[in-house]
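Observations on the three-dimensional arrangement
Spelled out from the first residue to the last, the chains are:
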Amino acid sequence: IQESTPGMTPWQRMMKCVQEIVDTEIEHVKMLEVLVDRYLVPLQQEKFIQRDKMATISNSIQSVVVEQKQFKGRIEVLPEMYDKDTGNTTALVQELSDAFQVHLDTFKQYNQFCAAQYELETLFKE
């Protein structure tokens, strides 16, 4: 990142990286909401998927959405909190690390999420 950000201080480069993580998470949550609104909700109205399978898929996706929103909420305040505090690198890194650590189980839920996606693909092929 140093080569792509000439003239920036190390603090500015770090803040740019943190902002990129936040921006990516904001977009990720938006896309998850689109998935729910445009695909999951209409799919729940269809009759060709067994109720128990649909419940499993829906619960998996909804769980990921809720958890990702919580994670986003925790990290999206960091750039503003630390923007002018150029001497507090350790605190910023600790806050970001803590957010990832606290939400570690959230990221593990993606196994269920991916399994649900595979199951949906299988159902559509039938």
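Before any of the text, the structure's been laid out above.
Since the model is a prediction, treat every value here as computed from it, not as a measurement. Every chain begins its residue count from 1, and numbering advances along the sequence as written. Reporting in this predicted model follows two pLDDT cut-offs: at least 70 for local features of residues, and 80 or more for side-chain atom pairs to be given and counted; totals over whole chains, interfaces and linings ignore these cut-offs and use all residues. Each side-chain value is worked out from all heavy atoms of the structure, with water and hydrogens disregarded.

Another aspect to go through is the packing of helix α1 (residues 10–44) against helix α2 (residues 51–75). Relative orientation of the contacting elements α1 and α2 amounts to 155 degrees, with a least axis distance of 10 Å. What the angle tells us is that α1 and α2 run roughly antiparallel. As α1 runs across α2, the sense of the crossing is left-handed. Across the contact of α1 with α2, the residue classes break down as 16 nonpolar, five polar and four charged. Only the contacting stretch of a helix is used when fitting its axis, a line to C-alpha atoms as for every element, and angles between N-to-C directions run 0 to 180 degrees. Working definition: helices are DSSP H or I runs of at least four residues, strands are E runs of at least two. Numbering for both runs from the N terminus. In these notes the angle categories are as follows: under 35 degrees is roughly parallel, over 145 is roughly antiparallel, 65 to 115 is roughly perpendicular, and the rest is oblique. Crossing handedness is read from the near helix: turned anticlockwise from the far helix by less than a right angle, it gives a left-handed crossing, and turned clockwise, a right-handed one. Any residue outside Ala, Val, Leu, Ile, Met, Phe, Trp, Tyr, Cys, Pro, Asp, Glu, Lys and Arg is labelled polar, Gly included; the first ten of those are nonpolar and the last four are charged.

What follows deals with the environment of E76. Here E76 shows up in the loop between α2 and α3 (78–82). Separated by 58 residues in the primary sequence, E76 and V18 have C-alpha atoms spaced 9.1 Å apart.

Take the pattern of salt bridges next. Should a side-chain nitrogen of Lys or Arg be within 4 Å of a carboxyl oxygen of Asp or Glu, the pair is scored as a salt bridge. Tallied over the full model, the rule gives three salt bridges. Residue K69 is joined to E33 by a salt bridge in which the shortest nitrogen-to-oxygen separation is 3.1 Å. Here the residue K69 occupies a position in helix α2, and E33 occupies one in helix α1, the gap between them amounting to 36 residues.

Bringing the packing of aromatic side chains into the picture now. Stacked, tilted and edge-to-face are the three classes applied to pairs of Phe, Tyr and Trp rings, where Trp contributes its six-membered ring and a pair requires centres within 6.5 Å; stacked means planes under 30 degrees apart, edge-to-face means over 60, and tilted covers the rest. Under the counting rule described, the total for this entry stands at one aromatic pair. Ring plane angle 65 degrees and centroid distance 5.0 Å describe the contact between F71 and F100, whose orientation is recorded as edge-to-face. Here F71, found in helix α2, pairs with F100, found in helix α4 (residues 89–102); they are 29 residues apart in sequence, far enough to count as distant. When a residue's accessible area, from a 1.4 Å probe over protein chains only, is under 20% of the maximum for its type it is buried; when over 50% it is exposed; and in between it is partly exposed. The buried category is assigned to F71, whose relative accessible area is 1%. Relative accessible area serves as the criterion here: at 34%, F100 is assigned to the partly exposed category.

Membership of the largest hydrophobic core is limited to 12 residues, which are W11, M14, M15, V18, V22, F71, I75, L78, Y82, L92, L96 and A99. Among the elements of the structure, α1, α2, α3 and α4 are those that each provide at least two residues to this core. Per-element tally for this core: the top contributor is α1, with five residues. Contacts between residues were defined by any pair of non-hydrogen atoms, one from each residue, lying within 4.5 Å. Non-local contacts of L96, meaning those with residues more than four positions away in its chain, are made with V18, I21, I75 and L78. By convention a nonpolar core is built from buried Ala, Val, Leu, Ile, Met, Phe, Trp, Tyr and Cys residues, the set being connected through side-chain atoms within 4.5 Å. Counting 11 residues, the second largest nonpolar core, distinct from the first, contains V36, M54, V64 and Y110.

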